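Here is what each chain is made of, one letter per residue.
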Amino acid sequence: MLQGPAVRDYFTPNVVSLRPHQSLSDVISAFLANQVDVVSVVDESDRLIGIVSKYAVYRSLLQNMKLDEPIYNLIRPDVVTLHVDDPLERAKDVLIDHQVGHGIVVDENSRVLGVMGKSHMIQGFLKNREQWLQQLIGLTENLQDAVVAVDDAENVTTFNRAAERMFKVRQETVLGQSIAIQFPGLSQRLHHTLSTGQRLGPDRIEIGHCIAMGSFIPFSHSSAASGAMAVLRDITAIESIARELETTKNLEQMLQHAIALSYDGILVLDPNGCVTLVNDAALDVLGMQRQVLVGRRWADIVSEFASKIPGSNPSAHILTVYDRPCLVTQERMMRNGLPLGSIVKVIFHQLDEWRDVFHHLERLESDLSFYRGELHRTQSSDSAFDRIISVSNRIDTLKQQAALAATGTSTVLITGESGTGKELFAEAIHEESGRKGKLIKVNCAAIPEELLESEFFGYADGAYTGARRGGKPGKFELADKGTIFLDEIGDMPLSLQAKLLRILQEQSFERLGGTSTIRVDVRIIAATHRELPKMIVSGEFREDLYYRINVVHLAIPPLRERTEDIPQLCEHLLKKLNQKLHKSVMGITSGAMTVLQRHVWPGNVRQLENVLERAMNLGIDDWIEQRHLPAELRDAPMDAPCHHALSRQNLSTQSERSGFDTSERAESNLGIFEPSQRTSNRSSGENGSYKASLESVEKQYLLDALHRAGGNRTKAAELLGISRSALYQKLRKHRVRQEISFD
């Protein structure tokens with residue numbers, strides 16, 4: 001960087017100096033001989049005393065001063081002096097402050113060296129400006145970044161060599177030209193910088209074949225923008241490198257995941273044999289923490305490694321690693337003949353680890369069995385109503401009524417407490433109706449009142465601030481040619497009830513904010529847990545709407561009024577939860593079933609499912625017992641009727657149809673057991689302990705299922721509601737294989 005100009009570079013040396021005793025004639029002679037305007041007066045040591053100017057000589061001559069008189073009275077002692085090493089900028093300030101046009105230049109000993117005037121300063125500043133300009137031009141031309149500058153008329157004034165390379169244009173063809181014509185991609189940003197005086201960027205800009213980061217900087221003069229400059233850095237190569245680094249990073253992440261998922265121990269070593277990556281399996285066999293192992297030499301960890309696995313070829317050896325026999329293999333990695341490191345694989349898993357794999361396969365097989373069962377059930381059902389689990393006469397009557405109503409187009413009102421299965425009936429009615437459209441479900445209680453109208457009828461383009469462009473269809477429009485299920489219709493606002501009544505009457509509506517009428521063919525199924533007649537009396541529900549929707553009325557009884565369904569519901573729910581929770585629970589004991597059947601179930605089937613799921617999450621393996629149930633169920637008074645015997649008789653009939661006869665098996669098919677009785681009947685010689693009784697019942701349960709399946713283990717697993725692998729495990733547990741014999 002250039003230093004500023006100094007006084008020593010521009011003053012006039014060899015200034016005329018006189019002594020104080022010299023005469024006026026000597027001063028006039030010095031002026032005439034040297035053509036100067038001022039002379040300095042110094043002492044015998046050449047130190048400055050003062051100056052004598054032409055104006056002082058003129059005044060003395062006008063006052064008739066004699067030429068031979070000394071010049072004492074003409075000396076001006078208050079002289080402005082400038083140090084020879086002062087910057088030119090400081091010298092300018094000194095002359096301006098003292099309002100003089102000349103200054104005497106002295107050294108550090110106050111000896112006179114010369115004089116400096118205004119002309120000297122102007123010359124110095126002009127020369128310095130030229131030096132700065134040349135330096136700026138050289139700097140700009142040699143920058144690696146492209147520089148494009150414009151004046152206030154938006155004509156190009158600067159275009160360096162980097163810009164020539166970036167834009168593929170010669171400097172001579174663009175200087176003085178309009179930026180909007182030459183480079184439209186830069187014009188808008190430069191115009192904004194000029195007009196606002198604000199800096200922009202850095203921004204990512206695509207320029208032809210390259211990508212650049214650009215900053216746009218204004219020039220200002222007297223607080224007004226006099227031009228602007230764009231500084232562009234070509235980042236095409238950087239972005240390419242960044243993409244490669246991202247790809248490398250992704251590959252490294254994939255490698256780490258692949259190593260982590262390996263069932264065997266994997267260690268990655270650098271060329272020096274130090275561990276850089278290690279998975280959990282290797283940490284397990286080595287009994288070390290990751291932070292302790294990474295960075296250590298593998299040969300130091302396993303002392304036999306260095307001597308038994310030399311060389312660069314893949315090799316495998318049986319080594320004892322921390323008292324555990326392992327198969328250790330190593331393969332070196334090379335690239336372009338240079339070593340990158342090596343991979344060490346430690347195989348140590350035996351039966352315990354393989355058992356974990358089999359358990360995982362069992363869970364997968366259990367999931368597969370569940371989905372196969374669901375597919376089979378869906379394909380083999382004669383009617384959608386068959387999916388509604390019940391042995392209750394009241395539910396059978398409701399299913400018959402719903403099946404008849406499904407063939408028509410009348411509105412259906414389903415009432416019942418929460419959790420009784422209103423939505424199941426609605427789905428079955430829609431499936432059996434044969435309507436081509438969809439079943440659209442709407443929970444009137446879950447949608448905010450202010451959004452209900454737009455959800456039901458949709459809205460037109462621009463209906464309100466924030467509305468989706470092009471509008472949005474409502475639920476009724478989506479349900480055209482199909483069915484709309486209005487759950488909890490009792491919670492619908494009165495304002496929306498009037499519009500719903502119009503749809504029922506005319507099968508048409510307008511979108512929110514729209515003007516055109518939309519006609520639809522929609523069947524309405526409504527459901528509620530509230531008493532609508534009472535709401536009509538209190539003014540909460542429209543009477544005319546009630547009579548419109550109450551064409552076919554299905555009143556679903558609560559679970560407490562049909563406890564005979566509980567055993568069959570439990571059987572279904574256990575199968576469902578076994579698949580969901582990866583369990584193999586086989587049933588519910590008699591005592592637990594009695595507790596379930598005497599409960600009032602305010603939450604109905606939904607509450608029953610939650611109770612069973614809670615019990616299965618308590619770590620049970622085979623049977624849900626009374627102690628696994630919540631305290632509020634166990635402590636309830638035993639005053640509810642029990643339909644256990646009825647369900648057992650029903651299953652006995654099914655058992656007779658299948659070709660074998662035992663009343664106890666019918667009970668087991670429901671998952672209901674009395675271990676103490678079963679033990680006394682079949683295992684009188686055993687010690688009568690509770691555990692032995694339960695295992696005896698489980699064994700008999702397996703035999704009964706195999707009898708019903710005719711020895712087919714896959715079918716027996718389906719009857720039991722467990723996976724085939726779980727069945728094999730229980731057969732091995734009870735040594736059932738040798739005892740099975742079929743005719």
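Let us look at the structure shown here.

Analysis parameters
Residues numbered from 1 in each chain as written. Predicted model: local features only at pLDDT ≥ 70, side-chain atom pairs only at ≥ 80, totals over all residues. Heavy atoms only, no water. Core = buried A, V, L, I, M, F, W, Y, C linked by side-chain atoms within 4.5 Å. Buried < 20%, exposed > 50% of the residue type's maximum accessible area, 1.4 Å probe, protein only. Helix = DSSP H or I, 4+ residues; strand = E, 2+ residues; numbered from the N terminus. Contact = heavy atoms within 4.5 Å. Phe/Tyr/Trp six-rings, centres within 6.5 Å; stacked < 30°, edge-to-face > 60°. Patch = residues over 30% accessible without salt bridge, like charges linked within 9 Å, V, L, I, M, F, W, Y side chains within 5 Å. Areas by Shrake-Rupley, 256 points an atom, 1.4 Å probe, with all protein chains shown as cover. Salt bridge = Lys/Arg side-chain N within 4 Å of Asp/Glu carboxyl O. Pairing = 2+ DSSP bridges. Axes fitted to C-alpha atoms, helices over the stretch in contact; angles between N-to-C directions. Left-handed = near helix turned anticlockwise from the far one by under 90°. Nonpolar A, V, L, I, M, F, W, Y, C, P; charged D, E, K, R; others polar. Expected span 1.5 Å × (residues − 1). Arc of directions from axis to C-beta. Polar contact = N/O pair within 3.5 Å; in protein donor to acceptor, adjacent residues only side chain to side chain.

Points about the nonpolar core
Soluble, globular proteins show a tendency: their nonpolar side chains are buried together. Counting residues in each nonpolar core, the largest one holds 31 residues, and the members touching the most others are Phe-456, Phe-476, Ile-484, Leu-486 and Ile-549. When residues of this core are traced back to their parent elements, those giving at least two are β19 (439-443), α16 (449-457), β22 (483-487), α18 (494-506), β25 (523-528), α19 (532-537) and α20 (543-549). Ranked by the residues each element gives to this core, the list is headed by α18, at five residues. Once residues within four sequence positions are removed from consideration, Ile-484 is found in contact with Ile-440, Val-442, Lys-475, Phe-476, Ala-479, Val-522, Arg-523, Ile-524 and Ile-525. Formed by 25 residues, the second largest nonpolar core is a distinct cluster that contains Leu-559, Cys-570, Val-585 and Val-605.

Structural notes on the packing of aromatic side chains
Any two aromatic rings considered together are summarised by their centre-to-centre distance and by the angle between their planes. Summed over the entire model, instances satisfying the criterion amount to nine aromatic pairs. For the pair Phe-456 and Phe-457, a centre-to-centre distance of 6.2 Å together with 45° between the ring planes defines the contact as tilted. Pair check on accessibility: Phe-456 and Phe-457 agree, each one buried.

Concerning a nonpolar patch on the surface
A contiguous nonpolar surface patch, about 270 Å² in accessible area, is contributed by Leu-136, Leu-139 and Leu-143. Counting through the fold element by element, Leu-136 comes out in helix α4 (residues 118-141).

Section: the pattern of salt bridges
For the coordinates displayed, the defined rule picks out 28 salt bridges. Here Arg-560 and Glu-417 are joined by a salt bridge, their closest N and O atoms 2.4 Å apart. With Arg-560 in the loop between β26 (552-555) and α21 (566-581) and Glu-417 in the loop between β18 (412-415) and α15 (422-433), this residue pair connects regions lying 143 residues apart in the sequence. By relative accessible area, Arg-560 is classed as partly exposed at 37%. A relative accessible area of 26% means that Glu-417 is categorised as partly exposed. The network of salt bridges with shared partners includes Glu-164, Arg-170 and Glu-172.

Things to note about the pairing of strand β9 (residues 156-159)
Regular strands place side chains that alternate from one sheet face to the opposite one. Pairing between strand β8 (residues 146-151) and β9: three bridges, direction antiparallel. Considered in β9, the bridge of Val-150 is made with Val-156. Once β8 ends, the chain turns through four residues before running back antiparallel as β9, passing Glu-154 with a positive phi of about 65°.

Observations regarding the packing of helix α3 (residues 88-98) against α4
Taken N-terminus to C-terminus, the directions of α3 and α4 make an angle of 145°; their axes are 11 Å apart at the nearest point. Crossing of α3 against α4: the hand is left-handed. Listed contacts from α4 to Leu-88, Glu-89, Ala-91, Lys-92 and Leu-95 of α3 are Met-121, Gly-124 and Phe-125. Split into classes, the residues belonging to the contact of α3 with α4 amount to five nonpolar, one polar and two charged.

Overview of helix α14 (residues 393-406)
If you check α14, its first and last C-alpha atoms are 20 Å apart, about what 14 residues at 1.5 Å a residue would give, namely 20 Å. Within the span of α14, buried status applies to Ile-395, Leu-398, Lys-399, Ala-402, Ala-405 and Ala-406. Angularly, the buried residues of α14 cover 125° about the axis, an arc narrow enough to put them on a single face. Pointing more than 90 degrees away from the buried face of α14 are the exposed residues Asn-393, Gln-400 and Leu-404. Where α14 is buried, its residues touch β18, α15, β25 and β26. Looking at where α14 begins, the residue whose side-chain oxygen comes 3.2 Å from the main-chain nitrogen of Arg-394 is Ser-392.

Function cannot be read off these values alone, since they describe shape.
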